[in-house]
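# Coordinates in review
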Amino acid sequence: MRVACVLITHLRAKVELQRQPHLADRPVVIADRSYGRPVVADRFPACAGVTVGMPLEEALSRNAGAVVLESDEPTYQRVFSRVVVALQGISDRVESAGLGAAYVRLDGLERLYGAEDGTLQALLNALPAYLRPRIGVGDAKFPAFVAAQTNDAPGVTRVPADAAAFLAPHSIDLLPVDFEVRSRMRRFGLHTVGNVAEMRPEPLIDQFGVAGRRAWELSRGIDGDPVVPLPYEEAVVERTALPFASASTEWLLTAVDTLLKRAYSRPHMQGRYAGRGTLECVLERATPWERPINFKQPVGRWEEAAALMRRQLERDLPVAPVEEVSLTLSRLTGEAGTQPGLFRDVQRDRDLRLLDAERQIQARIGGSHALYRVVDVAPWHPAPEMRAVQVPIDPSGRDGMKPLAIPVAVAVEEGSHGEPVAVRLDERWHALACIEESWLFDLWWMPQPVSRAYFRVSRRDGGSLVLFRDQTDFCWYRQTS
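Residues numbered from 1 in each chain as written. Predicted model: local features only at pLDDT ≥ 70, side-chain atom pairs only at ≥ 80, totals over all residues. Heavy atoms only, no water.

## Here we look at the overall build of the protein chain
The number of helices and strands found in the protein chain is 14 helices and 22 strands. Referenced to the eigenvectors of the C-alpha coordinate spread, the extents of the protein chain come out at roughly 90 × 70 × 45 Å. Per-residue burial for the protein chain yields a buried fraction of 44% across its 481 residues. Sequence-distant contacts in the protein chain: of pairs separated by 6 or more residues, those separated by 24 or more amount to 56%. Within the structure as shown, the protein chain displays about 24,700 Å² of accessible surface, and the carbon and sulfur contribution to it stands at 52%. (Helix = DSSP H or I, 4+ residues; strand = E, 2+ residues; numbered from the N terminus. Buried < 20%, exposed > 50% of the residue type's maximum accessible area, 1.4 Å probe, protein only. Contact = heavy atoms within 4.5 Å. Areas by Shrake-Rupley, 256 points an atom, 1.4 Å probe, with all protein chains shown as cover.)

If you want it as structure tokens, here you go:
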């Protein structure tokens, strides 16, 4: 049995960091008051000498001026539930092992994802990057858990062939037995898993009963516990990151359209209908935003789902610029419950013809996208690259939205007043004849201020171009069109 343990350490802290990134360098304690005396539920990296379960007053005595956040368990559980659903999209054998930990059976998935490495990469790709998941892989659950727990960096750690030797140097704190049992083991001089493995099982059973037998077996890499799959509620999850954080409604609506096209283009969504669409947005310096949208009748086309979501979003928008959008289609069914129309959908016919042309071109040029749709998302924005995006015609690809008119860094020689007098293009310097027009803007109030001084200039050898100096880093850029 090949098992992957997917572990998200400090999940509570990571969720709060996503909500309040300005606290990243501060000592922050997340307090749990549900048991009467407040204790530490989690901590930020800058909080030194604090462990989970420590009394809150002791944690504060070690970190003067620490910020205390109240534990928001419903939100943490909701985030982890989405993690489990995402894992279930990769494997139908997923077991939740408490907040932040899940086990996934890997056997039989090789054909779907291309050997074990492909499956593990699919598991990592299914989860949000900010959670920094670790994956331990072994032939049993406990060794896989230890591999994930003892890896300091996100990614995959495999248990070697000799599982007992791998487990031996680690602390007995990793053994899933009661705290009292571990404390008594230490009084007997058993501090590592290897110390337990060296014992004969009989003395451990005499002293600790069933827990002693269990600890001895696990210390030798013997773990017969099966992965007990959770009930599976089928769902389709798609996510995309916006090129820039933006409060533009059209940015968000374009992202939703893109995700809906992807979701409904999946092979197993053909002939299927969704009863609910849930949108989740990662916001800039604000609490993540989530809205479930129930469809009165199951929806089988992305255009219909987009129209329903658009009406909802026009009444209820995120309160801060959006950085990332996630869409979940759930309550899937094979029945439409609606009668098809009698008239042809001209727009849909045109889209299908474009898609067919796109895939024919892809076949000739090696599979990369060739046709894109340009969408105006913020035509009023002073920065040209924020005004429009290109979206691939073919929704089956993983390409997201790409901005147009991206600035290109260039070398510029400045005059006595900071104006451009020469520019380096194609490895050659070109003298400038005159400045035809100049303007500037300063978006100082944004979380990442944008301040630029623009110049439309003519070259002495003919032609014109637009240059700007970034007033924050004082570098020069050529504004593409």
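## Notes on the packing of helix α10 (residues 201-208) against helix α11 (residues 210-219)
One way to put it is that α10 packs onto α11 with a least axis distance of 6 Å and a crossing angle of 145 degrees. Within the contact between the two elements, α10 uses P201, L204, I205 and F208 and α11 uses V210, A211, G212, R213 and W216. Its residues placed into classes, the contact of α10 with α11 shows 7 nonpolar, 1 polar and 1 charged. (Axes fitted to C-alpha atoms, helices over the stretch in contact; angles between N-to-C directions. Nonpolar A, V, L, I, M, F, W, Y, C, P; charged D, E, K, R; others polar.)

## With respect to the pattern of salt bridges
Tallied over the entire structure, the rule returns 33 salt bridges. For the salt bridge of K141 with E95, the shortest nitrogen-to-oxygen distance reads 3.0 Å. Here the residue K141 occupies a position in helix α6 (residues 141-149), and E95 occupies one in strand β5 (residues 94-96), the gap between them amounting to 46 residues. For E95, a relative accessible area of 15% translates into the label buried. Across the pair R105 and D107 runs a salt bridge, and its minimum N-O distance is 2.8 Å. Take D107: its relative accessible area is 24%, and that puts it in the partly exposed class. (Salt bridge = Lys/Arg side-chain N within 4 Å of Asp/Glu carboxyl O.)

## Some words on the sheet that holds strand β4 (residues 67-70)
If you trace the 3 strands from one edge of the open sheet to the other, you get β3-β2-β4, paired in mixed fashion. Since the sheet does not close on itself, it has two edges, and those belong to β3 (39-43) and β4, each with one partner. The average angle at which neighbouring strand axes cross in this sheet is 40 degrees, direction not considered. Of the strands in this sheet, β2 (28-32), β3 and β4 are in contact with helix α1 (residues 11-19), which crosses β3 at around 65 degrees. (Pairing = 2+ DSSP bridges.)

## Here we look at the nonpolar core
Judged by nonpolar contacts, the single largest core of 45 residues is most densely connected at L260, Y264, V325 and L329. In terms of residues, this core owes the most to one element, helix α12 (residues 249-265), which gives 9 residues. Not counting chain neighbours up to four residues away, the residues in contact with Y264 comprise M269, Q270, R272, A274, V299, G300, R301, W302, A305 and L329. (Core = buried A, V, L, I, M, F, W, Y, C linked by side-chain atoms within 4.5 Å.)

## Here's the deal with the environment of V322
Inspection of the secondary structure assignment puts V322 in strand β12 (residues 322-330). In this structure, the C-alpha to C-alpha distance between V322 and V196, residues 126 residues apart in sequence, is 51 Å. When sequence neighbours within four positions are dropped, the list of residues in contact with V322 reads L242, F244, A245, S246, C281, V282 and L283.

## Quick word on the side chain of R134
With respect to the secondary-structure elements, R134 resides in strand β7 (residues 134-138). Although R134 lies buried, it forms no salt bridge, and the closest oppositely charged side chain, D152, sits 5.2 Å away as judged by the N-O distance. Separated by 3.1 Å, the side chain of R134 and the backbone oxygen of Q149 make a polar contact. Of note is the side chain of R134, whose polar atom sits 2.7 Å from the backbone oxygen of N151. (Lys, Arg positive; Asp, Glu negative; His and termini not counted. Polar contact = N/O pair within 3.5 Å; in protein donor to acceptor, adjacent residues only side chain to side chain.)

## A few points about helix α13 (residues 302-315)
The end-to-end C-alpha distance of α13, which contains 14 residues, comes to 20 Å, matching closely the 20 Å that a straight helix rising 1.5 Å per residue would cover. Taken together, the buried positions of α13 are W302, A305, A306, M309 and L313. Along the axis of α13, the buried residues cluster in a sector spanning 100 degrees; they form a single face. Away from the buried face of α13 by more than 90 degrees, exposed residues E314 and R315 are located. Tucked inside the fold, the buried residues of α13 contact α12, β10 (274-283), β11 (289-299) and β12. (Expected span 1.5 Å × (residues − 1). Arc of directions from axis to C-beta.)

## A word on the pairing of β4
Of the two faces of β4, only one is covered, namely that formed by V67 and L69; the face formed by V68 and E70 stays uncovered. Across 4 bridges, the pairing between β2 and β4 is parallel. Looking at β4, one finds that V29 is bridged to V68.

## Some remarks on unusual backbone geometry
Unusually for a residue other than glycine, A405 sits at a positive phi of about 55 degrees. On the secondary structure map, A405 appears in the loop between β15 (402-403) and β16 (408-409). Look at E427: it is not a glycine, yet its phi comes out positive at around 65 degrees.

## Structural notes on the environment of S464
Tracing the sequence through the fold places S464 in strand β21 (residues 464-470). The partly exposed category is assigned to S464, whose relative accessible area is 49%. The spacing of S464 and L432 is 32 residues in sequence and 9.0 Å in space, taken between C-alpha atoms. Apart from the residues within four sequence positions on either side, S464 is in contact with E436, V457 and S458.

## Quick look at helix α8 (residues 179-187)
For α8, every residue scored as buried is listed here: V181, R182, S183 and M185. Looking at the buried positions of α8, the neighbouring elements they touch are α9 (193-198), α10 and α11. The positive-phi residue at the C-terminal boundary of α8 is G189, with phi of around 85 degrees.

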